[in-house]
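# Understanding the architecture of this molecule
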Amino acid sequence: MKNYYSVLGLNKGASDEEIKKAYRKLAMQYHPDRNADDSKAEEKFKKVSEAYAVLSDKKKRGQYDQFGSEGFHQKFSQDDIFRDFDINEILRGFGFGGGGGNPFHSQGSPFGGGGGFGNPFSQGRHSQRESRIPPLKKELSINFEEAALGCQRTLSISRNGVLEEINIKIPSGITHGKVLRLKGKGQMSLTGGRRGDLHLLINVLPHPLFRREGRNVVVEVKIKLTQALLGTTIEVETLNGIKSVKVPPGTQNYSKLRLKEVGIKFSSGTRGDQLVRIIINIPKDLTEEQIPHIQFLRDTGL
């Protein structure tokens, strides 16, 4: 739950003057007219304004201090919190408003024009409808190689009832379950002024050979007992195609051979490695020809 004191950077016992000073500083820092098209700043401005609406009112602050955040919000709705709270008047009192000297005022302000700020929490205002465009949520399945190396995809999606095609860039190194947030690719606002975001839940399909361990790709390769003992060269599939890999004599079961910089690719230009996990194939049954040879090896101490 919200801690209004923390939102303003204060302790619970802060004085009225400290609360007023903290809000003035944060309101100036985060007001949307000073942070054009910055949704995070706008959201921060709303949060500090809500905190000030409660803590600047003795009755509301007393209820908040007595019942705590959870108890307070069970008793007070958003409408209750902002009842009798005129943000225009508050900001003018801080010297922000009044005529052409208003440093925050602009015709495009989402908090109201005409020299005033309006209530940023009012449900009926144009700004609130604009800022609350729900994201368009979709799932996208990609294969292991596309996730590891990145790819381009063309998606057909329905936006506001119209089927459209959009080009999407999937960044290399993306993980299963990651939500890719694409700004301005979602639904149109009610007024048609701007688009919301598109949230793509990435589903990485399993690969028959590869699996991922952090930055690395792991593949298992089975070899014969004699190959492990004497050494050999094997062909290994990688994201860059087939590579020849030397298996040194005496390789142990489940040991890993490292192929550098052929693993997961990242936007920084770096790449992980590929780990080749060696599985030594121990035969369950020996032929009559093999048995005496194995017995001979046993007798030699092997």
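Above this note sits the structure.
Residues numbered from 1 in each chain as written. Predicted model: local features only at pLDDT ≥ 70, side-chain atom pairs only at ≥ 80, totals over all residues. Heavy atoms only, no water.

On to the sheet that holds strand β10 (residues 256–259). The mixed open sheet is built from four strands, whose spatial order is β6-β7-β11-β10. The two strands at the open ends of the sheet, each matched to only one other strand, are β6 (211–213) and β10. Averaged over all neighbouring strand pairs, the angle between strand axes comes to 35 degrees, with direction disregarded. Bridge count for β6 against strand β7 (residues 216–224) is three bridges, and the pairing is antiparallel. Of the residues in β7, the one forming a bridge with R211 is V218. (Pairing = 2+ DSSP bridges. Helix = DSSP H or I, 4+ residues; strand = E, 2+ residues; numbered from the N terminus. Axes fitted to C-alpha atoms, helices over the stretch in contact; angles between N-to-C directions.)

Next up on the list: the pattern of salt bridges. Within this structure, the stated rule accounts for 10 salt bridges. Where R61 meets D65, a salt bridge forms, and the shortest distance between an N and an O atom there is 3.8 Å. Here R61 pairs with D65, and both are found in helix α4 (residues 58–75), just four residues apart, close to one helical turn. Taking relative accessible area as the criterion, R61 reaches 13% and is therefore assigned buried. Among the charged side chains, a network of salt bridges with common partners joins D16, R61 and D65. (Salt bridge = Lys/Arg side-chain N within 4 Å of Asp/Glu carboxyl O. Buried < 20%, exposed > 50% of the residue type's maximum accessible area, 1.4 Å probe, protein only.)

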